[in-house]
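# Examining the three-dimensional arrangement
Take a look at the letters that make up each chain.
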Amino acid sequence: MIRFIKIHSEQQIADVTYLAREIWQEHYLPIVGQKQIDYMLEKFQCEEAITKQLADGYEYYSVTYDGHSAGYMAVVSNMSESSLMISKIYVRKSDRSYGLGKQMLEFVEAL
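Structure report, in brief. Keep in mind that what you see is a predicted model, and the values were worked out from it rather than measured.

## Looking at a nonpolar patch on the surface
- A grouping of Ile-86, Ile-89 and Leu-105 is seen on the molecular surface, where their side chains present a nonpolar patch of about 220 Å² in accessible area.
- One can find Ile-89 in strand S4 (residues 83-91).

## So, the pattern of salt bridges
- According to the stated counting rule, one finds four salt bridges in the structure shown.
- Between Glu-22 and Arg-92 there is a salt bridge, with the nearest N and O atoms lying 2.7 Å from each other. Taken together, the residues span a long stretch of sequence, with Glu-22 in helix H1 (residues 10-32) and Arg-92 in the loop between S4 and helix H4 (100-110) at a distance of 70 residues.
- For Arg-92, a relative accessible area of 15% gives the class buried.
- Across the pair Lys-52 and Asp-56 runs a salt bridge, and its minimum N-O distance is 2.8 Å.
- Looking at Lys-52, the relative accessible area reads 52%, which means it is exposed.

## Focus on the packing of H1 against helix H3 (residues 47-55)
- Running from amino to carboxyl end, H1 crosses H3 at an angle of 120°, the nearest separation of the two axes being 9 Å. Between H1 and H3, the angle is such that the two are oblique. Between H1 and H3 the crossing geometry is right-handed. Counted together, Ile-13, Ala-14, Val-16 and Thr-17 of H1 and Glu-47, Ile-50, Thr-51 and Leu-54 of H3 form the full contact between these two elements.
- When its residues are assigned to classes, the contact of H1 with H3 shows five nonpolar, two polar and one charged.

## With respect to unusual backbone geometry
- Residue Asp-66 is not a glycine yet carries a positive backbone phi of 50°.
- Inspection of the secondary structure puts Asp-66 in the loop between strand S2 (58-65) and strand S3 (68-78).
- Backbone geometry at Ser-82 places phi at a positive 50°, although glycine is not the residue there.

## A look at the nonpolar core
- Val-16, Trp-24, Tyr-60 and Tyr-72 are the most contacted members of the largest nonpolar core, which totals 14 residues.
- Mapped onto this core, the elements with two or more residues apiece are H1, helix H2 (34-44) and S3.
- Per element, the largest residue contribution to this core is six residues, and it comes from H1.
- By size, the runner-up hydrophobic cluster in this structure holds eleven residues, among which are Val-63, Tyr-65, Ala-70 and Val-91.

Definitions and limits used
- Along each chain, numbering runs from 1 in the same order as the chain's sequence is written.
- Owing to the predicted nature of the model, reporting of local features is limited to residues with pLDDT of at least 70; listing and counting of side-chain atom pairs is limited to 80 or more, with chain, interface and lining totals taken over all residues.
- Hydrogens are left out, water is left out, and the side-chain values use all remaining heavy atoms of the structure.
- Like charges within 9 Å and nonpolar side chains (Val, Leu, Ile, Met, Phe, Trp, Tyr) within 5 Å are joined into patches, using only residues over 30% in relative accessible area that form no salt bridge.
- Each accessible area is a Shrake-Rupley result for a 1.4 Å probe, and residues are judged covered by the shown protein chains and nothing else.
- We count a salt bridge whenever a side-chain nitrogen from Lys or Arg sits within 4 Å of a carboxyl oxygen from Asp or Glu.
- Here a helix means four or more residues in a row that DSSP labels H or I, a strand means two or more in a row labelled E, and each is numbered from the N terminus.
- Buried residues are those whose accessible area, probed at 1.4 Å on protein chains only, stays under 20% of the maximum for their type, while exposed residues exceed 50% and partly exposed ones sit between those limits.
- Angles run from 0 to 180 degrees between N-to-C directions of axes, and those axes are lines fitted to C-alpha atoms, restricted for helices to the stretch in contact.
- Reported orientations rely on four angle classes, namely roughly parallel under 35 degrees, roughly antiparallel over 145, roughly perpendicular from 65 to 115, and oblique for the rest.
- It is the rotation of the near helix from the far one that decides the hand of a crossing: anticlockwise by less than a right angle makes it left-handed, clockwise makes it right-handed.
- For this analysis, residues touch if any pair of their heavy atoms sits within 4.5 Å.
- Amino acids are sorted into nonpolar (Ala, Val, Leu, Ile, Met, Phe, Trp, Tyr, Cys and Pro), charged (Asp, Glu, Lys and Arg) and polar (every other residue, Gly among them).
- Side-chain atoms within 4.5 Å link the members of a nonpolar core, which is a set of buried Ala, Val, Leu, Ile, Met, Phe, Trp, Tyr and Cys residues.

Put into structure tokens, the structure is as follows:
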């Protein structure tokens, strides 16, 4: 079963930061290298950056599958254009191929 949990607390933000590090290391290392991963995580996926994004109107959601953390996503709305942009959508390698990405997109569409 998949669940979407809106991120609010410091602990939830810390959990997303941990998950971001895991996913970026497992997927992007051979593509962009460690230096670029470190930059991207520090600039966009550290606790301070996520806290600022939340204050700026982003919504983060943790995605759990069968009771464990499987991924996360972030969206930001543009009220003047009545639109919603997907800023981030990530799934752990071990949880891919279960249709989670599709369900995440359907969740965003429902938003």
